[in-house]
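One letter stands for each residue in the lines below.
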Amino acid sequence: MKTCQPPDPNPRAPSFALPPGACDSHCHVFGPGDVFPYHPKRSYTPPDAPREALARLHGALGLDRAVIVQATCHGDDNRAMLDAIARSEGRYRGVAMIGETIPDAGLEALHQGGVRGVRMSFARHLSGPPDFSRVERVARRIAPLGWHLVLYLEAEDVVENTRALGRLGVPVMIDHMARVRVAGGLDQPAFRQLLDFLRDADFWVKISCAERLSAAGPPFADVVPFAAALIDAAPDRVLWGTDWPHPNIEGRMPNDGELAELLSAYAPDAALRRMILVDNPARLYGFDG
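Focus: the nonpolar core
Point 1. Core analysis: the biggest nonpolar cluster contains 84 residues, and Leu149, Leu151 and Tyr266 have the highest contact counts within it.
Point 2. With residues up to four places along the chain from it excluded, the contact list for leucine 149 reads Val118, Met120, Val135, Val138, Ala139, Ile142, Leu168, Val170, Pro171, Val172 and Met173.
Point 3. Cys23, Val69, Leu239 and Phe287 belong to the second-largest nonpolar core, a separate cluster that totals 12 residues.

Set out below in structure tokens:
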């Protein structure tokens with residue numbers, strides 16, 4: 001079982017101020033393992049990254065809100081996430097992982113706990129290819145709650161499952177720009193398909209994980225044209241997140257300040273950054289104010 005490296009403990013503040021109400025729309029809490037044990041069949045073991053450490057990160061970067069996304073190392077045991085939300089005084093929401101046998105009362109309890117979506121991970125390095133019959137069953141279960149699906153898909157799987165993605169009946173969020181291969185350029189079929197999906201009112205994307213997508217490394221400039229194109233296609237349905245504490249990173253661990261700094265390249269206009277960081281997550285996750 002793989003053991004992950006810890007995040008950079010000294011995040012640098014970006015050179016520009018993030019707007020009030022700015023949201024980290026993709027981050028995790030892990031453990032602590034003696035309180036919230038990791039799943040026995042997990043594919044990796046992260047270092048503990050509890051809610052207190054997440055709060056310190058957000059304080060350093062100037063982020064006021066967060067969406068905590070359940071990761072596979074905790075499986076469908078969402079207690080660490082729910083605990084962080086409960087202690088956040090309304091500043092956090094969550095995206096859960098669920099088993100198909102969860103009762104309706106269990107879904108309602110998650111909703112009351114601040115959950116607003118379900119994540120299904122089909123990243124090839126963590127699992128097999130996507131099972132869209134299962135995705136469709138989950139979509140039917142969560143539709144009455146007004147939730148959305150968060151799908152962690154590879155770019156080729158977006159192309160291969162175009163029709164299935166278009167008939168889910170709930171808003172769909174694609175994580176991490178579908179892990180598009182930047183070496184393939186902006187005209188590659190998978191990226192063109194992603195842009196086409198974004199023209200649908202129920203399709204969203206996260207411009208996150210530049211450190212995973214970049215072929216050039218820091219400062220990750222080769223990812224900027226992709227994020228900018230996604231923003232241009234649907235500025236009102238794009239979110240940004242840190243992916244802290246960056247599980248399964250190979251090689252150099254990024255500094256979260258340099259990832260936040262990319263926002264000024266993705267969206268040079270401050271009003272556009274406010275839309276991505278404040279308005280869009282507030283609308284999708286129901287933050288007040």
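Describing the packing of aromatic side chains
Point 1. Summed over the entire model, instances satisfying the criterion amount to two aromatic pairs.
Point 2. A centroid spacing of 5.0 Å and a plane angle of 80 degrees characterise the contact between phenylalanine 191 and phenylalanine 226, whose relative ring orientation is edge-to-face. With phenylalanine 191 in helix 7 (residues 189-198) and phenylalanine 226 in helix 9 (residues 224-233), this pair connects stretches of sequence that are 35 residues apart.
Point 3. Overall, phenylalanine 226 belongs to the buried group, its relative accessible area being 4%.
Point 4. Both rings, one in phenylalanine 197 and one in phenylalanine 203, keep their centres 4.7 Å apart while their planes meet at 20 degrees; by these two values the pair is stacked.

Here's the deal with unusual backbone geometry
Point 1. The amide bond that connects glycine 31 to the next residue, proline 32, takes the cis arrangement and shows omega of 5 degrees.
Point 2. Structurally, proline 32 can be placed in the loop between strand 2 (23-27) and strand 3 (44-45).
Point 3. In this model, methionine 177 sits at a positive phi of 55 degrees, which is unusual for a non-glycine residue.
Point 4. For methionine 177, the position within the fold is in the loop between strand 8 (172-174) and helix 7.
Point 5. Given the relative accessible area of 0%, methionine 177 is considered buried.
Point 6. Positive phi values are uncommon outside glycine, yet cysteine 209 reaches one of about 70 degrees.

Things to note about helix 12 (residues 270-285)
Point 1. An ideal rise of 1.5 Å per residue puts 22 Å on 16 residues; helix 12 measures up with 22 Å between its terminal C-alpha atoms.
Point 2. Of all bends in helix 12, the biggest is about 35 degrees, found at isoleucine 276.
Point 3. N-cap assignment for helix 12: the residue whose side-chain oxygen lies 3.1 Å from the backbone N of alanine 271 is aspartate 269.

Overview of the pattern of salt bridges
Point 1. This model, assessed by the stated rule, comprises 18 salt bridges.
Point 2. The salt bridge partner of glutamate 136 is arginine 167, with a shortest N-O separation of 2.9 Å. Of this pair, glutamate 136 sits in helix 4 (residues 132-142) while arginine 167 sits in the loop between helix 6 (162-165) and strand 8, placing them 31 residues apart in sequence.
Point 3. Residue class for arginine 167 comes out exposed when judged on its relative accessible area of 53%.
Point 4. For the salt bridge of arginine 179 with glutamate 154, the shortest nitrogen-to-oxygen distance reads 3.3 Å. On the criterion of sequence distance, the pair formed by arginine 179 in the loop between strand 8 and helix 7 and glutamate 154 in the loop between strand 7 (148-152) and helix 5 (155-160) is long-range, its members being 25 residues apart.
Point 5. Taking relative accessible area as the criterion, arginine 179 reaches 21% and is therefore assigned partly exposed.
Point 6. By relative accessible area, which is 4% here, glutamate 154 ends up buried.
Point 7. Several salt bridges share partner residues, and in doing so they unite Arg51, Glu52, Asp83 and Arg87 into one network.

The rules behind these values
Residues numbered from 1 in each chain as written. Predicted model: local features only at pLDDT ≥ 70, side-chain atom pairs only at ≥ 80, totals over all residues. Heavy atoms only, no water. Core = buried A, V, L, I, M, F, W, Y, C linked by side-chain atoms within 4.5 Å. Buried < 20%, exposed > 50% of the residue type's maximum accessible area, 1.4 Å probe, protein only. Contact = heavy atoms within 4.5 Å. Phe/Tyr/Trp six-rings, centres within 6.5 Å; stacked < 30°, edge-to-face > 60°. Helix = DSSP H or I, 4+ residues; strand = E, 2+ residues; numbered from the N terminus. Expected span 1.5 Å × (residues − 1). Bend = angle between axes of the 7 residues up to and from the residue. Polar contact = N/O pair within 3.5 Å; in protein donor to acceptor, adjacent residues only side chain to side chain. Salt bridge = Lys/Arg side-chain N within 4 Å of Asp/Glu carboxyl O.

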